[in-house]
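The primary structure of each chain is shown beneath.
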Amino acid sequence: MTEDLTEHLSSYEEKYRPLIRVNQDLSRQVVSYQANKDAPFYRWFRYQEGFSAKLVNLLIADSGVKAGTVLDPFAGLGTTLLSARENDIDSIGMELLPVGPFVFKARLLAEQVDITVLKAGIKELKTLTLLNMPTSTDTDFKHVRITEKAFSNDTERKLNAFRYYLEHSVTDASLREIFRFACLSILEKVSFTEKAGQFLRWDSKSGKPKAEYTKTRIYPFEAALFTQLGNMVDDLQSFWRLDPRKKQARMDLRHGSNFELFQEVPDRSIDLVISSPPYLNRYDYTRVYPLELAFLGVDEMQIRQLRQSLLTCTVENREKIDFLKNLYATRGNLARFERAVDAFNSIELLSHIIKTFDEFKQNEKLNNSNVFRLIKNYFFEHSFIIHEMARVLKDGGKIYYINDNVRFAGIVIPVDIILSEIAIKAGLRVKTIFKLPIGKGNSSQQMGTYGKEEVRKCIYVWEK
């Protein structure tokens, strides 16, 4: 690391030291989806990149907001929206990956379905012998390249028969969508794959080249399906028995790019923002959820488009400057575009980091030369997200932003400080940065080359 960058990192760390404090109420389980793993409703689908409903409730309580509208521009499965509803607060969410809106809609349909109709439908399913039932190319699972060989022959045959049955024999549209969701939710369990961080781990039985892993358990299709449906029935019965009233708070989960969707949100219309963006950690969500995307009919070309539309978080993302300039120009908002660009360019620490990693790239010191582009684009695009959050927030409103710091080429990048600097440029005040009692480690490659160094896991609290 250059002495110049070391000096700037130390200076900014000193500046923010009074604002960074440990919050003992936070844990890695609460700030991740782990706390939802066994929670009613949330246990229906494993979404490892989300955060827990318990965290949202803690943050809503901390904010003091009792009414109005909560926004989550990276909504995932809609945890923020559902938790806001539990607090009788309206909410808006934005989510690009179609898995989230599908799961969210299925949950709402399940809440509204007549439980006797659901039980009758499950009883009928249990009479089926899927291996002997018809399939059709119209309803068969359409693989993308990354999902080929994900299922055994029998499992794929049963999966396709089940999809055919839903389309041709289940006449109740809501029930059909609930069953489709149940099927989607078990794909990982019945497959040769397992989500492992930023990629899929493959069982050796898949026949995939270099697949040497042995998955702990691969479930039979029917066993996984009926276990899932049984959990859903149990949760629904408990839900209505414990709290039979229908929640009145409005939930609006919008499917699409938040760069575009933000343009439709009026100035000063949001009371509270709770969100967690993709981290600067090279995770490619289209490669973590390819089974679910393919199940929903997303083809190879659409997956590539999705990958490029996401907030930059992988080394494959290309620059969006032309897209963003055109987006703002066509809506007559070029001044807003320029403010976001100026903020990005004016942060001294960020400029030094970008310069350092550009030098690393030129001198071939990065294990992937596109890490330089990843870092630069992540913060450039975030300037637009933060400026939009600031624009739509009411005076006195707060933003709770969950994110991790990262380490590349031995350098810890203080994401919390850089994004907070952008927030200040956008007219926000940094109230505090909550730090988890225990941070996160580094990759084995980083530790092997540069030694072990814990990096902060944080929730930034900004206010207007």
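Reference entry: report on the structure contained in this document. Bear in mind that the values here come from a model prediction, so they are computed numbers and not experimental data.

## Looking at unusual backbone geometry
Residues apart from glycine generally show negative phi values, whereas peptide bonds are mostly found in trans. Positive phi, normally seen in glycine, also occurs at Arg268, with a value near 50°. When you line up the elements, Arg268 lands in the loop between α10 (258–261) and β7 (270–275). With phi around 75°, Arg282 is a residue other than glycine that occupies positive phi space. In this fold, Arg282 is placed in the loop between β7 and α11 (285–288). A relative accessible area of 25% means that Arg282 is categorised as partly exposed.

## Details of the pattern of salt bridges
Close approach of charged atoms lets side chains of opposite charge pair. On inspection of all chains with the given rule, the structure shows 30 salt bridges. Across the pair Asp235 and Arg43 runs a salt bridge, and its minimum N-O distance is 2.8 Å. With a gap of 192 residues between them, Asp235 in helix α9 (residues 221–242) and Arg43 in the loop between β1 (20–22) and α2 (53–63) connect regions that are remote in the sequence. For Arg254, the salt bridge is made with Asp252, and the minimal N-O distance between the two is 2.8 Å. For Arg254, a relative accessible area of 23% corresponds to the partly exposed category. For Asp252, a relative accessible area of 23% puts it in the partly exposed group. Connected through salt bridges with shared partners, the residues Arg46, Glu188, Lys195 and Glu292 form a single ionic network.

## Focus on the sheet that holds strand β11 (residues 429–435)
Within a sheet, each strand pairs with its neighbour through backbone hydrogen bonds, oriented either parallel or antiparallel. Read from one edge of the open sheet, 8 strands run β1-β11-β12-β8-β7-β2-β3-β6, paired in mixed fashion. Both outer strands of the open sheet, β1 and β6 (251–255), are each paired with one neighbouring strand and no more. Between one strand and the next, the sheet's axes are offset by a mean angle of 20°, whatever the strand orientation. Here 5 bridges tie β7 to strand β8 (residues 393–404), and the two strands are oriented parallel to one another. In the sheet register, Val273 faces β8, and the bridge partner there is Ile399.

## Notes on the packing of helix α14 (residues 321–330) against helix α17 (residues 371–392)
One way to put it is that α14 packs onto α17 with a least axis distance of 10 Å and a crossing angle of 25°. Looking at the two axes, α14 sits roughly parallel to α17. Seen along the crossing, α14 lies across α17 with a hand that is left-handed. Contacts from Ile321, Leu324 and Tyr328 of α14 reach α17 at Phe380, Phe384 and Glu388. Residue composition of the contact of α14 with α17, grouped by class: 5 nonpolar, no polar and 1 charged.

## What to know about the side chain of Arg391
On the secondary structure map, Arg391 appears in helix α17. Take Arg391: its relative accessible area is 13%, and that puts it in the buried class. In this structure, Arg391 is in contact with Phe262, Gln263, Val265, Pro266, Asp267, Arg268, Arg336 and Lys464, ignoring residues within four places of it in sequence.

Rules used throughout
Along each chain, residues carry numbers from 1 onward, in the same order as the chain's sequence is written. Local features in this predicted model are restricted to residues of pLDDT 70 or higher, and side-chain atom pairs are both shown and tallied only at a pLDDT of 80 or more, whereas totals for entire chains, interfaces and linings draw on every residue. The side-chain values count all of the structure's non-hydrogen atoms but skip hydrogen atoms and water molecules. Helix and strand assignments come from DSSP, with helices taken as H or I runs of at least 4 residues and strands as E runs of at least 2, each series counted from the N terminus. To sort residues, take the accessible area from a 1.4 Å probe on protein chains only and compare it with the maximum for the residue type: under 20% means buried, over 50% means exposed, and anything in between is partly exposed. A side-chain nitrogen of Lys or Arg and a carboxyl oxygen of Asp or Glu constitute a salt bridge if their distance falls within 4 Å. Two strands are counted as paired when DSSP detects at least two bridges linking them. Fitted lines through C-alpha atoms give the axes, limited to the stretch in contact for helices. The angle between two N-to-C directions lies from 0 to 180 degrees. Put simply, angles under 35 degrees are roughly parallel, angles over 145 are roughly antiparallel, angles from 65 to 115 are roughly perpendicular, and the rest are oblique. Crossing handedness: left-handed means the near helix sits turned counterclockwise from the far one by under a right angle, and right-handed means the same turn made clockwise. Only heavy atoms enter the contact rule, under which two residues are in contact if any of them lie within 4.5 Å. Each residue gets one of three labels, nonpolar for Ala, Val, Leu, Ile, Met, Phe, Trp, Tyr, Cys and Pro, charged for Asp, Glu, Lys and Arg, and polar for the others, Gly among them.

Geometric descriptors of this kind do not, in isolation, establish any biological role.
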